Amino acid sequence: MDTKEMRRQLQALTDRAEITDLMDRYLRSLDDGVLDEEWARAFHTEDVTAEMPIGTVHGRDALLAHIRRGMALFDRTVHLGSNAVIEVDGDRATVRGAQLSTHVLADGSDGLFISAGHADTRLVRTADGWRISASALRVVWTQGTPPRLPEDFASAPAT
């Protein structure tokens, strides 16, 4: 194996490790609950698009506001990701993985709401490392009672 091939393989392994770390830290951060501008910059591009069961948003600021509002519906959460298939093509990558999310409702009932599905994520390499440029969470099944969304939640601005 020549030096050029070794460098290519090392870069591929490094990219995969960095992407895996970013995705794991992202899910963990949802449970930690520190959702501020620094959080948003650490994980997302400025022009990110995110499709979630609670709506689709465009732009990092809109995403931050939407996730804050959605996570406020829960007292505690645990988000797990697995079976990630990572495809890297230069400075772009895709990840498809399974996601299991357990939520304790914040409505005082201590009710549980569990959802599971597939997360499809597009990433780009930036000067600060890999960042999420688009994501889509498609829920396949749920168990328990979902939180009651405020009436204006669905009509919240998407951009």
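Look a little higher up for the structure.
Please read all numbers here as calculations on a predicted model, not as lab measurements.

**Some words on the pattern of salt bridges**
Right, so step 1: Within this structure, the stated rule accounts for 9 salt bridges.
Right, so step 2: The salt bridge partner of Glu37 is Arg41, with a shortest N-O separation of 4.0 Å. In this pair, Glu37 and Arg41 are both assigned in helix H2 (residues 37-43), 4 residues apart and thus about one turn of the helix distant.
Right, so step 3: A salt bridge links Arg96 to Asp120; the shortest N-O distance between them is 3.3 Å.

**Notes on helix H1 (residues 3-32)**
Right, so step 1: Spanning 30 residues, H1 covers 42 Å between terminal C-alpha atoms, matching the ideal 44 Å at 1.5 Å per step.
Right, so step 2: Taken together, the buried positions of H1 are occupied by Asp15, Ile19, Leu22, Met23, Tyr26, Leu27, Ser29 and Leu30.
Right, so step 3: A positive backbone phi angle near 80° is found at Gly33, which sits one or two residues after H1.

**Digging into the sheet that holds strand S4 (residues 92-105)**
Within a sheet, adjacent strands bond to each other through the backbone by hydrogen bonds, running parallel or antiparallel.
Right, so step 1: With respect to topology, 6 strands assemble into an open sheet ordered S2-S1-S6-S5-S4-S3, the strand pairing being mixed. Looking at strand neighbours, the two that pair on one side only are strand S2 (55-58) and strand S3 (74-89), the edges of this open sheet. With strand direction ignored, the average angle separating the axes of adjacent strands in the sheet is 15°.
Right, so step 2: Where S4 lies against strand S5 (residues 112-126), 13 bridges are found, and the strand directions are antiparallel. Residue Val95 lies in a different strand from S5, and its bridge partner there is Thr121.

**Describing the packing of aromatic side chains**
Right, so step 1: Tallied over the entire structure, the rule returns 3 aromatic pairs.
Right, so step 2: Ring-pair connections join several aromatic residues into one group, and the members of that group are Tyr26, Trp39 and Phe43.

**Observations concerning a nonpolar patch on the surface**
Right, so step 1: Among the surface-exposed residues, Val78, Leu80, Leu100, Val140 and Trp141 lie close enough to one another that they form a single nonpolar patch of about 450 Å² accessible area.
Right, so step 2: At the level of elements, S3 and strand S6 (129-144) are the ones that each hand at least two residues to the nonpolar patch.
Right, so step 3: Following the sequence through the fold, Val140 ends up in strand S6.

Calculation rules
- Residues numbered from 1 in each chain as written.
- Predicted model: local features only at pLDDT ≥ 70, side-chain atom pairs only at ≥ 80, totals over all residues.
- Heavy atoms only, no water.
- Salt bridge = Lys/Arg side-chain N within 4 Å of Asp/Glu carboxyl O.
- Helix = DSSP H or I, 4+ residues; strand = E, 2+ residues; numbered from the N terminus.
- Expected span 1.5 Å × (residues − 1).
- Buried < 20%, exposed > 50% of the residue type's maximum accessible area, 1.4 Å probe, protein only.
- Pairing = 2+ DSSP bridges.
- Axes fitted to C-alpha atoms, helices over the stretch in contact; angles between N-to-C directions.
- Phe/Tyr/Trp six-rings, centres within 6.5 Å; stacked < 30°, edge-to-face > 60°.
- Patch = residues over 30% accessible without salt bridge, like charges linked within 9 Å, V, L, I, M, F, W, Y side chains within 5 Å.
- Areas by Shrake-Rupley, 256 points an atom, 1.4 Å probe, with all protein chains shown as cover.

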